[in-house]
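Descriptive structure summary
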Amino acid sequence: TIKSFKSKVQGASFRQWRRLQAAYEWVGTFSSNGSSQESASGSDGVKRTSRKSSWSDKLSRSRRSSTSMELAASGVQVESLEQTYVQAAGVYAMLKDKVQVWGKDKGLCRVKKEHVDQVGSLYMPWRQVLDDESRLAMVEWAGLKKPTRAVEKLVRSYGNRVCKLLDICRQSIVFESTQDVAACLRLVAADEDVAILSIKNRLSRDYDDKETVGYRDVNINLRFRNPDAHRLGLEYHICELQLLLRSFAQLKSDRGHARYVKFRNARAL
């Protein structure tokens, strides 16, 4: 049962979930001020400090690993659901910044419901948003996956293996055509700040869409490998990027999602 599973997940105190949604703000204010640190460059040229913060120390207890497929292959796997959420919250701001970069040419962003009448559409081009703070505030971002749903997936599909949760932090970019989707995929692949670990092409003719009730997209699992991710111990946390066509994005309404939840529960997914 979910109740018994709660007690088995290392560090997963449900009294702390309420603080996790705001953790990315805390990570954003993280700095090394107030502690004397000496920097040293490794063989890869990345500067590292000889003294870590207490937060980084906590992550280091599991060798600063998260859901990395590379580390999983070597036998190092994350065991703490709480750690996974804290790292996801740290990656959250990085992924939001990259979505704006990857989507600025042809991508569309979803507009918050209360601004749809003002904008005149549920979606607006990213290129109209980037230099306008008022419009940027209208963007509806995907939040971190709800802890209740994460535990549900662990129990139903993943055999209680936290390392299989790859979509705690996720965002999407909407496009008008498959050509635009392909162009964005090439842009992500060429970005040196991230490493693509897997791509699920649900737009392929060979994909069996019965598993997703007809829904299709291009699903990318990636991790950040820039200096900030390394400094904060986030370089092995895997997040999810969805590239989808507008026609499919419009199906992801509240009513459409509610129908999918019923289907998912019926199949215990």
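Cut-offs and rules
Residues numbered from 1 in each chain as written. Predicted model: local features only at pLDDT ≥ 70, side-chain atom pairs only at ≥ 80, totals over all residues. Heavy atoms only, no water. Helix = DSSP H or I, 4+ residues; strand = E, 2+ residues; numbered from the N terminus. Buried < 20%, exposed > 50% of the residue type's maximum accessible area, 1.4 Å probe, protein only. Contact = heavy atoms within 4.5 Å. Core = buried A, V, L, I, M, F, W, Y, C linked by side-chain atoms within 4.5 Å. pLDDT = per-residue confidence, 0-100. Salt bridge = Lys/Arg side-chain N within 4 Å of Asp/Glu carboxyl O. Expected span 1.5 Å × (residues − 1). Bend = angle between axes of the 7 residues up to and from the residue. Polar contact = N/O pair within 3.5 Å; in protein donor to acceptor, adjacent residues only side chain to side chain. Phe/Tyr/Trp six-rings, centres within 6.5 Å; stacked < 30°, edge-to-face > 60°.

**Overview of the overall build of the protein**
Helix and strand counts for the protein come out as 13 helices and eight strands. Expressed as a percentage of the 269 residues in the protein, the buried residues total 42%.

**Some thoughts on the environment of isoleucine 220**
Positionally, isoleucine 220 belongs in strand S7 (residues 218-224). Classification of isoleucine 220 as buried rests on a relative accessible area of 0%. The spatial distance from the C-alpha of isoleucine 220 to the C-alpha of valine 188 is 9.5 Å, given a sequence separation of 32 residues. Non-local contacts of isoleucine 220, meaning those with residues more than four positions away in its chain, are made with Leu185, Ile196, Ser198, Ile199, Cys239, Glu240, Leu241 and Leu243.

**Things to note about the nonpolar core**
Counting residues in each nonpolar core, the largest one holds 51 residues, and the members touching the most others are Trp102, Cys169, Ile173, Leu222, Phe224, Leu241 and Leu243. Beyond its immediate sequence surroundings of up to four residues, leucine 243 is in contact with Ile173, Phe175, Val181, Cys184, Leu185, Asp217, Val218 and Ile220.

**Structural notes on the confidence of the model for the protein**
When pLDDT is averaged along the protein, the result is 76, and 65% of the positions lie at 70 or above. Here residues 1-68 scores under 50 on pLDDT; set against residues more than four positions off or in separate chains, the count is 103 contacts.

**Here we look at the pattern of salt bridges**
Taken as a whole and judged by the stated rule, the model has eleven salt bridges. Measuring nitrogen to oxygen at the nearest pair gives 4.0 Å for the salt bridge that ties arginine 135 to aspartate 132. In this structure aspartate 132 comes out as partly exposed when scored by relative accessible area, which is 26%. Residues joined by salt bridges that share partners form a network here, namely Lys98, Asp191 and Asp193.

**What about unusual backbone geometry?**
Positive phi, close to 65 degrees, is recorded for asparagine 160, a residue that is not glycine. Examined against the element boundaries, asparagine 160 turns out to sit in the loop between helix H9 (147-156) and strand S5 (170-175).

**Here's the deal with helix H6 (residues 81-102)**
An ideal rise of 1.5 Å per residue puts 32 Å on 22 residues; H6 measures up with 29 Å between its terminal C-alpha atoms. At valine 91, H6 shows its largest bend, some 30 degrees. H6 sits mainly inside the fold: 18 of its 22 residues count as buried. Where H6 begins, the side chain of serine 80 points an oxygen toward the backbone nitrogen of glutamate 82, at a separation of 3.4 Å.

**Points about helix H10 (residues 178-190)**
For the α-helix, the turn length of 3.6 residues means that residues three or four positions removed from each other point alike. With 13 residues, H10 should reach 18 Å at 1.5 Å per residue; the first-to-last C-alpha distance of 19 Å fits that figure. The elements touched by buried residues of H10 are H6, S5, strand S6 (194-201), S7 and strand S8 (239-245).

**So, the packing of aromatic side chains**
Enumeration over the complete set of coordinates arrives at two aromatic pairs. Ring centres 5.4 Å apart and planes at 40 degrees place the aromatic pair tryptophan 126 and tryptophan 141 in the tilted group. Of this pair, tryptophan 126 sits in the loop between strand S4 (123-125) and helix H8 (133-136) while tryptophan 141 sits in the loop between H8 and H9; the two residues are 15 residues apart in sequence, bridging distant segments of the chain. Taking relative accessible area as the criterion, tryptophan 126 reaches 1% and is therefore assigned buried. A ring pair is formed by tyrosine 215 and phenylalanine 248, whose centres lie 6.2 Å apart and whose planes are at 85 degrees; its orientation type is edge-to-face. In this pair, tyrosine 215 is assigned in the loop between S6 and S7 and phenylalanine 248 in helix H12 (residues 246-249), connecting sequence segments 33 residues apart. Tyrosine 215 sits in the buried class, given a relative accessible area of 18%.

**Re the environment of glutamate 114**
Mapped onto the elements, glutamate 114 comes out in the loop between strand S3 (108-110) and helix H7 (116-119). What makes glutamate 114 exposed here is its relative accessible area of 58%.

**Focus: the environment of asparagine 160**
For asparagine 160, a relative accessible area of 34% translates into the label partly exposed. Residues asparagine 160 and glutamate 79, spaced 81 residues apart in sequence, show a C-alpha to C-alpha distance of 9.6 Å.

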